[in-house]
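One letter stands for each residue in the lines below.
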Amino acid sequence: MKALIAMSGGVDSSVAAKLMLDQGYECVGCTMKLYNNPDAGCSSKTCCSIRDVEDARSVAVRLGMPYFVFNYMDEFRRDVMETFARSYTLGKTPNPCIDCNKFLKFGALYERAKELGCDTIVTGHYARIRKRNGCYELLRAKDPKKDQSYVLYNLTQEQLAHTQFPLGDYEKTHTREIAEESGFINSHKPDSQDICFVPNGTYTEAVQRILSYEPQPGPFLTLDGKEIGTHKGIIYYTIGQHKKLGLPQPDGPLYVIAIDPKKNAVIVGPSQALFRRDAAVKEANWISGKVPDAPFACLVKVRYRQEAQPAIVTPTGSDTFSILFDEPQRAITPGQSAVLYGLGDETDVVIGGGILQ
């Protein structure tokens with residue numbers, strides 16, 4: 001059996017490679033070249049940056065694996081960077097890691113694995129896969145602090161059948177112990193924190209750089225449409241934001257409630273206006289490959305670090321659904337993803353997900 005290991009240069013994918021070799025797989029390591037430094041800046045806290053290639057190569061050599069660097073800069077710019085930047089100009093808050101997984105790791109690289117005759121593609125994600133009753137399931141990782149199932153909800157049955165996440169049953173401390181025992185150069189390398197093409201978290205600069213975009217000032221509006229100030233451009237604001245509004249707030253704190261790109265307006269109001277029970281979702285993926293034929297109860301996360309909340313989900317089309325939460329949720333944000341999990345003994349099972357409208 002032959003495995004293609006996606007190696008970012010970090011400790012997780014390095015240990016994933018070792019675990020696959022220990023299972024007897026013939027392994028090939030690779031790193032995706034996603035951008036040039038001038039396109040993204042440099043940061044030691046990002047993943048998949050150019051400087052990480054040598055770390056990945058070092059581990060591959062130590063493990064006796066062939067190693068390649070594949071150029072996916074055009075695909076990454078089109079499907080991830082530009083999509084990310086355009087989302088902000090439309091008043092949305094995207095999650096580029098989800099698009100990178102969908103279009104790059106389990107899109108372009110998955111196809112490359114098949115071309116190379118590999119039986120499976122392997123990443124260092126903390127998640128699990130199991131086959132039950134003839135169907136592949138995506139599950140949360142054993143370590144809840146490291147679980148990455150939220151960013152993997154776009155996986156299909158075919159992809160799950162040819163994907164492995166060796167770290168799904170491991171805690172991060174154990175992963176680092178394996179790396180240290182194996183003599184990996186990156187055994188104590190810090191985890192990636194920033195988006196790889198947004199060094200230091202300055203996403204507004206990234207939007208302007210990627211699209212050659214010039215933010216335009218516009219009105220701050222109250223919920224009843226009254227203009228109370230001028231903002232510096234909608235890309236500088238996200239739903240729920242309170243700080244750096246630069247507005248007088250004599251009647252209490254103001255928060256960003258909505259962004260209207262057509263009017264180039266930022267709508268502000270009190271905290272209670274951020275709470276709502278309903279949401280609409282598009283670009284849905286159902287892990288089973290089948291659209292549910294009736295409304296169902298489940299748990300839903302509308303942001304990566306959120307605790308999943310009980311709700312009723314109603315399919316409204318082949319790739320759309322609506323959500324009605326049991327309790328109002330704060331700052332449901334267009335552009336983020338809603339990811340569905342099971343109930344009871346099935347809370348580890350990912351049902352599917354999609355993009356919040």
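Residues numbered from 1 in each chain as written. Predicted model: local features only at pLDDT ≥ 70, side-chain atom pairs only at ≥ 80, totals over all residues. Heavy atoms only, no water.

A. Here's a closer look at helix 4 (residues 73-89). A rise of 1.5 Å per residue sets the reference length of helix 4, with its 17 residues, at 24 Å; its end C-alpha atoms lie 22 Å apart and thus fit the reference within 8%. The largest bend along helix 4 measures about 30° and falls at Glu82. Residues of helix 4 that are buried: Met73, Phe76, Asp79, Val80, Met81, Phe84, Ala85, Ser87, Tyr88 and Thr89. Note on helix 4: the residue one or two positions beyond its end, Gly91, has a positive phi of about 80°. (Helix = DSSP H or I, 4+ residues; strand = E, 2+ residues; numbered from the N terminus. Expected span 1.5 Å × (residues − 1). Bend = angle between axes of the 7 residues up to and from the residue. Buried < 20%, exposed > 50% of the residue type's maximum accessible area, 1.4 Å probe, protein only.)

B. Summary view of the domain arrangement of the protein. The domain boundaries assigned to the protein delineate domain 1 (1-180), domain 2 (214-268) and domain 3 (274-354). Each partner contributes residues to the interface: domain 1 has five residues there, and domain 2 has five residues. Summing the contributions of domain 1 and of domain 2, the shared interface buries around 420 Å²; its carbon and sulfur component is 67%. Linking domain 1 with domain 2 are zero salt bridges, by the criterion used here. Our count for the domain 1 to domain 2 interface comes out at zero residue pairs in polar contact (both at pLDDT 80 or more). (Domains from an automatic or database assignment. Contact = heavy atoms within 4.5 Å. Buried area = accessible area lost by both parts, 1.4 Å probe. Salt bridge = Lys/Arg side-chain N within 4 Å of Asp/Glu carboxyl O. Polar contact = N/O pair within 3.5 Å; in protein donor to acceptor, adjacent residues only side chain to side chain.)

C. Looking closely at the sheet that holds strand 2 (residues 26-33). As summarised here, the arrangement of the five strands in space is 3-2-1-4-7, forming an open sheet in which the pairing is parallel. With partners counted over all chains shown, the strands left at the sheet margins are strand 3 (67-71) and strand 7 (163-164), one partner each. Of the strand pairs in this sheet, strand 1 (residues 2-6) and strand 2 are connected by five bridges, and their pairing is parallel. Paired with Ala3 across the bridge in strand 2 is Cys27. Sitting on the sheet, helix 3 (residues 52-63) touches strand 2 and strand 3, and the angle it makes with strand 3 is about 150°. (Pairing = 2+ DSSP bridges. Axes fitted to C-alpha atoms, helices over the stretch in contact; angles between N-to-C directions.)

D. Expanded view of the environment of Thr173. Relative to the assigned elements, Thr173 resides in helix 7 (residues 172-181). Owing to a relative accessible area of 54%, Thr173 belongs among the exposed residues under this scheme. Taking C-alpha positions, Thr173 is 29 Å from Gln309, a pair spaced 136 residues apart along the chain.

E. Looking closely at the pairing of strand 1. Counted residue by residue, strand 1 has five buried out of five residues, so it is predominantly covered. The alternating pattern of strand 1 places Lys2, Leu4 and Ala6 on one face and Ala3 and Ile5 on the opposite face, and all of these are buried. Crossover handedness for the path strand 1 to helix 1 (residues 11-22) to strand 2: right-handed. Sheet topology places strand 1 next to strand 4 (residues 120-122); three bridges connect them, and they run parallel. Within the sheet, the bridge partner assigned to Leu4 lies in strand 4 and is Ile121. (Right-handed = clockwise from strand over helix to strand, strands pointing away.)

F. Structural detail: empty space enclosed by the protein. Counted under the stated rule, the structure contains two cavities of 30 Å³ or more. Here the largest cavity is characterised by a volume of approximately 50 Å³. Together, Ile98, Asn101, Lys102, Phe106, Val151, Leu152, Tyr153, Asn154, Leu155 and Gln159 line the largest cavity. Along the lines of polarity and charge, the residues of the lining of the largest cavity split into six nonpolar, three polar and one charged. (1 Å grid on protein atoms, 1.4 Å probe; cavity = no way out; pocket = protein on both sides within 12 Å on 5 of 7 lines; lining within 4 Å. Points joined across faces, edges and corners; volume = space filled by probe spheres on them. Nonpolar A, V, L, I, M, F, W, Y, C, P; charged D, E, K, R; others polar.)

G. Spatial organisation of helix 5 (residues 96-115). Of all the bends in helix 5, the greatest, near 30°, is centred on Leu109. Capping of helix 5 at its N-terminal end is provided by Asn95; its side-chain oxygen lies 3.2 Å from the backbone amide nitrogen of Cys97. Of the residues one or two after helix 5, Gly117 is the one with positive phi, at around 75°.

H. Highlighting the nonpolar core. The biggest cluster of nonpolar side chains holds 49 residues, and the ones touching the most others in it are Phe76, Leu109, Leu138 and Phe197. It is helix 5 that provides the largest number of residues to this core, a total of eight residues. Viewed by domain, this core spans two of them, domain 1 (1-180) and domain 3 (274-354), each represented by three or more residues. When sequence neighbours within four positions are dropped, the list of residues in contact with Leu138 reads Ala127, Arg128, Ser149, Leu152, Tyr153, Leu155, Leu160, Phe165, Ile287, Asp348, Val349 and Val350. In this structure, Ala16, Ala17, Tyr67 and Phe184 belong to the second largest nonpolar core, which totals 25 residues. (Core = buried A, V, L, I, M, F, W, Y, C linked by side-chain atoms within 4.5 Å.)

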